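# What the coordinates show
Residues per chain, in single letters:
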Amino acid sequence: MTAKDGAGPQGGPFRSSVMQIEPQWIDYNGHLNMAYYNVMFDRAIDQLWLELGIGPGYMKERNGSTFTVECHVRYLREIQLGDPVQVHVWLLGGDEKRLHTFEELRHATEGWISATSENMTIHIDMTTRKTAPFPPDIRERIQTITNAHSSAPRPEGIGRSVGMPAKR
């Protein structure tokens, strides 16, 4: 699935396992409903979090977790039933309490991009349900993966915002 350091081949982005679109996710337009793009992105992030050591076991053993606080999704090309998909994830940055990620949902065999998602995630102490610094060992893993991902070309779309085009 991925390299041990959370980077893909040649230091590229993390690559999720290949996933399949579930029939109940197809809407009346005959394509993947917008809500399920986030399900696919979330499943991929869960896989990367396991490599960072902040998955379900981390919550149980160390009482920490992450919450997404901001998300920007762009829908670029339809995904339909039967299309295999894979999510490429860049860990763009992190500090003591936050992670900045960018994901591309791609057709797993043809490689084209269906959607992107840019997210800000915060670390939570689940006892207080407030933001808290990552433990040093986790912070070190975050930095290692961020460094590995920074050597890969930056995907198009980072930092985009929603807004009407200016009239001239």
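Residues numbered from 1 in each chain as written. Predicted model: local features only at pLDDT ≥ 70, side-chain atom pairs only at ≥ 80, totals over all residues. Heavy atoms only, no water.

Bringing the layout of surface pockets into the picture now. A volume near 350 Å³ is recorded for the largest pocket. Along the wall of the largest pocket there are 21 residues; nearest its centre are Asp 42, Ile 45, Asp 46, Trp 49 and Thr 68. Put simply, the parts of the chain that give the lining of the largest pocket at least two residues each are α1 (34-52), α2 (56-62), β3 (64-75), β5 (98-107) and β6 (113-125). Examining the composition of the lining of the largest pocket, we find that seven residues originate from one element, α1, more than from any other. (1 Å grid on protein atoms, 1.4 Å probe; cavity = no way out; pocket = protein on both sides within 12 Å on 5 of 7 lines; lining within 4 Å. Points joined across faces, edges and corners; volume = space filled by probe spheres on them. Helix = DSSP H or I, 4+ residues; strand = E, 2+ residues; numbered from the N terminus.)

Right, let's get into the pattern of salt bridges. The final tally for this structure, using the stated rule, is seven salt bridges. In this structure, Glu 104 engages Arg 106 in a salt bridge whose closest nitrogen and oxygen atoms are separated by 2.9 Å. (Salt bridge = Lys/Arg side-chain N within 4 Å of Asp/Glu carboxyl O.)

Before going further, it helps to examine α1. In a regular helix each residue adds 1.5 Å, so 19 residues correspond to 27 Å; α1 covers 28 Å between its end C-alpha atoms and thus fits that length. For α1, the set of buried residues is Tyr 37, Met 40, Phe 41, Ala 44, Ile 45, Gln 47, Leu 48, Trp 49 and Leu 52. The N-cap of α1, judged by a side-chain oxygen 2.9 Å from the amide nitrogen of Ala 35 a few residues on, is Asn 33. (Expected span 1.5 Å × (residues − 1). Buried < 20%, exposed > 50% of the residue type's maximum accessible area, 1.4 Å probe, protein only. Polar contact = N/O pair within 3.5 Å; in protein donor to acceptor, adjacent residues only side chain to side chain.)

Right, let's talk about the packing of aromatic side chains for a bit. In total, this model carries three aromatic pairs according to the counting rule given. Between Tyr 37 and Tyr 75, the ring centres sit 5.0 Å apart and the planes meet at 80 degrees, which makes this aromatic pair edge-to-face. Within this pair, whereas Tyr 37 is found in helix α1, its partner Tyr 75 is found in strand β3, the two being separated by 38 residues in sequence. Given the relative accessible area of 4%, Tyr 37 is considered buried. The class for Tyr 75 is partly exposed, based on a relative accessible area of 38%. The ring centre of Trp 112 lies 3.8 Å from the NZ or CZ of Arg 77, which sits over that ring. (Phe/Tyr/Trp six-rings, centres within 6.5 Å; stacked < 30°, edge-to-face > 60°. Lys NZ or Arg CZ within 6 Å of the ring centre and 35° of its normal.)

What is shown is where atoms sit, not what they do.
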